[in-house]
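The chain contents come next:
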Amino acid sequence: MNIIEVEGLSKNFGHLVAVDKVDFQVAEGEIFGFLGPNGAGKTTTINMLCTLLTPTGGRATVNGYDVVRQRSEVRRSIGLVFQEPTLDEYLTAEQNLRFHAYAYKIPGEIREKRISELLDLVELSDRRKSKVRTFSGGMKRRLEIARGLLHSPRVLFLDEPTLGLDPQTRRHIWDYVLALRKQHSLTIFLTTHYMDEAENCDRITIIDQGHIIALDTPDKLKDALGGDVITLKAQDNNAAVLELKEKYSLSPVIENGTITFSVPQGEKFLPKMMGNFQSPLVSISLRRPTLDDVFLKLTGRAIREEGAGIKELAMKVRAMRGHGR
């Protein structure tokens, strides 16, 4: 059963097409990754699914509810953890959760039990009376996840859930996310630019310039590259790229001064290439493909080491205002 259905969904800001007729489905209980370079349209898409933006065209349903005609029902069906912190740092952990419970009109007999359960889940029970301003970044993110789950949503949207956290804290956050999916059959829709995190997804969609250019499991996306990944640096990268294209009909990509391409049975290809390659090389390596390679192959650039969501939305809003919309 699909809990999210998207058909021809589009969003224009004046003459700027941010999302262009995208189609995809998300199955109930899966972890669905949404990846794209800065400005690709991923945050605009999420904002439409969460009813924060109205689509220009197409349709989408979340938990069976139309995101335009049944906005209140959609909002009751989802939890949302924003990329930027949204907690009130002058309230305690439990006060933040209680305020959210009031907003969603959770009955009192359920509210306090639910708050205690979720604070236990994210291991913050001993800090429930502490003001959020005393929390670390990881603790704040755990509390935000607890808040997003307070009203028992069917879908949890996570926009860059571990942005700016250290590797150990990122791992702990993912432990909670995976436990949530297992314990509650929760559907999780996330964006991330950490490719090791994307490996946790059941399926991944890659969006670029408002278009979906790939959708599959992490393993199948990597297999589609066609083999092993060879990375090299030449004294003249442009000349080396031309030679790779002309001699071997390859499609190399230059990123950050390095040439990358994929070939089947790289360990056999490499000796043959080295014996017949004219462009002087500085370095060369061979490895199995990763999701970073998939992203580079499909978009022509590496995903940036920064979150794009807020910046992307701000850009769209500026464009909208510029056209008097």
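Read on for a plain summary of the structure.

Cut-off values and rules
Residues numbered from 1 in each chain as written. Predicted model: local features only at pLDDT ≥ 70, side-chain atom pairs only at ≥ 80, totals over all residues. Heavy atoms only, no water. Core = buried A, V, L, I, M, F, W, Y, C linked by side-chain atoms within 4.5 Å. Buried < 20%, exposed > 50% of the residue type's maximum accessible area, 1.4 Å probe, protein only. Helix = DSSP H or I, 4+ residues; strand = E, 2+ residues; numbered from the N terminus. Contact = heavy atoms within 4.5 Å. Pairing = 2+ DSSP bridges. Axes fitted to C-alpha atoms, helices over the stretch in contact; angles between N-to-C directions. Parallel < 35°, antiparallel > 145°, perpendicular 65-115°, else oblique. Left-handed = near helix turned anticlockwise from the far one by under 90°. Nonpolar A, V, L, I, M, F, W, Y, C, P; charged D, E, K, R; others polar. Polar contact = N/O pair within 3.5 Å; in protein donor to acceptor, adjacent residues only side chain to side chain. Expected span 1.5 Å × (residues − 1).

**Considerations on the nonpolar core**
Then step 1. Counting residues in each nonpolar core, the largest one holds 42 residues, and the members touching the most others are Leu143, Ile145, Leu156, Leu158 and Ile204.
Then step 2. With five residues, the single largest contributor to this core is helix H5 (residues 137–149).
Then step 3. If near-sequence neighbours (up to four positions away) are discounted, isoleucine 204 is found in contact with Gly33, Leu35, Ala198, Ala214, Leu215, Asp216, Pro218, Leu221 and Leu291.
Then step 4. Listed in part, the 27 residues of the second largest apolar core include Ala40, Ile78, Val155 and Phe189.

**Comments concerning the environment of isoleucine 284**
Then step 1. Tracing the sequence through the fold places isoleucine 284 in strand E14 (residues 281–287).
Then step 2. Residue classification places isoleucine 284 among the partly exposed residues on the basis of a relative accessible area of 32%.
Then step 3. Sequence separation between isoleucine 284 and threonine 260 is 24 residues; the distance between their C-alpha atoms is 9.8 Å.
Then step 4. Once residues within four sequence positions are removed from consideration, isoleucine 284 is found in contact with Ile230, Thr231, Leu232, Leu270, Met273 and Met274.

**Considering the environment of leucine 221**
Then step 1. If you trace the backbone, leucine 221 turns up in helix H8 (residues 218–223).
Then step 2. According to the relative accessible area criterion, leucine 221 is buried, its value standing at 9%.

**Some details on the sheet that holds strand E11 (residues 228–234)**
Then step 1. Taken together, four strands build an open sheet; the order of strands is E12-E13-E11-E14 and the sheet is antiparallel. Single-partner strands in this sheet number two, and they are strand E12 (253–255) and E14. Strand-to-strand twist in this sheet, taken as the mean axis angle between neighbours without regard to direction, amounts to 25°.
Then step 2. In terms of strand pairing, E12 meets strand E13 (residues 258–263) through three bridges, oriented antiparallel. The partner of glutamate 255 across the bridge, within E13, is threonine 258.
Then step 3. Against the sheet, helix H9 (residues 237–248) makes contact with E11, E12 and E13, and its axis sits at roughly 15° relative to E13, the strand it touches most.

**Quick word on the packing of H5 against helix H6 (residues 167–184)**
Then step 1. Axis separation between H5 and H6 bottoms out at 10 Å; the angle between their running directions is 15°. By the angle between their axes, H5 is roughly parallel relative to H6. Here H5 and H6 pass one another in a crossing that is right-handed. Along the contact surface, H5 presents Gly138, Arg141, Arg142, Ile145 and Leu149, while H6 presents Thr169, Ile173, Tyr176, Val177 and Leu180.
Then step 2. Residue classes in the contact of H5 with H6 are distributed as six nonpolar, two polar and two charged.

**Points about the packing of helix H3 (residues 93–103) against H5**
Then step 1. Running from N to C, H3 and H5 point in directions that differ by 25°, and their axes come no closer than 9 Å. When the axes of H3 and H5 are compared, the pair comes out roughly parallel. Between H3 and H5 lies a crossing whose hand is right-handed. For the pair H3 and H5, contact is made by Ala93, Leu97 and His100 and by Leu143, Ala146 and Arg147, respectively.
Then step 2. Residue classes in the contact of H3 with H5 are distributed as four nonpolar, one polar and one charged.

**A few points about the pairing of strand E9 (residues 203–208)**
Then step 1. For E9, a buried count of five out of six residues is recorded, marking the element as mostly surrounded by other parts of the structure.
Then step 2. Here E9 folds back onto strand E10 (residues 211–216), and the loop between the two strands holds two residues, one of which, glutamine 209, carries a positive phi near 55°.

**What about the pairing of strand E2 (residues 16–27)?**
Then step 1. The pairing of strand E1 (residues 2–13) with E2 spans eight bridges and is classified as antiparallel. Paired with phenylalanine 13 across the two strands is leucine 16, which belongs to E2.

**Side note on H3**
Then step 1. Ala93, Glu94, Asn96, Leu97, Arg98, His100 and Ala101 are the residues of H3 that are buried.
Then step 2. Buried residues along H3 sit against helix H4 (108–121) and H5.
Then step 3. Two residues or fewer past H3, lysine 105 is found with a positive phi of approximately 55°.

**Describing the side chain of threonine 299**
Then step 1. The topology assignment puts threonine 299 in helix H11 (residues 291–299).
Then step 2. Since its relative accessible area comes to 10%, threonine 299 is described here as buried.
Then step 3. A polar side-chain atom of threonine 299 sits 2.8 Å from the main-chain carbonyl oxygen of phenylalanine 295.
Then step 4. Sequence-distant contacts of threonine 299, defined by excluding residues within four places in its chain, comprise Pro37, Ile206, Asp208 and Ile213.

**Some details on H5**
Then step 1. With 13 residues, H5 should cover 18 Å at 1.5 Å per step; its first-to-last C-alpha distance of 19 Å lies within 8% of that length.
Then step 2. Across the 13 residues of H5, 12 count as buried, placing the element largely inside the fold.
Then step 3. Among all positions of H5, only Gly138, Met139, Lys140, Arg141, Arg142, Leu143, Glu144, Ile145, Ala146, Arg147, Gly148 and Leu149 are buried.

**Comments concerning the sheet that holds E10**
Then step 1. Pairing within the open sheet is mixed, and its six strands lie in the order E6-E7-E8-E3-E9-E10. Where the open sheet ends on each side, the last strands, each with one partner, are strand E6 (78–81) and E10. Taking the axes of each pair of neighbouring strands and ignoring which way they run, one obtains an average angle of 15° across the sheet.
Then step 2. Where helix H1 (residues 42–49) meets the sheet, its contacts fall on strand E3 (31–35), strand E7 (155–159), strand E8 (187–191) and E9, and the angle it forms with E8 comes to roughly 145°.

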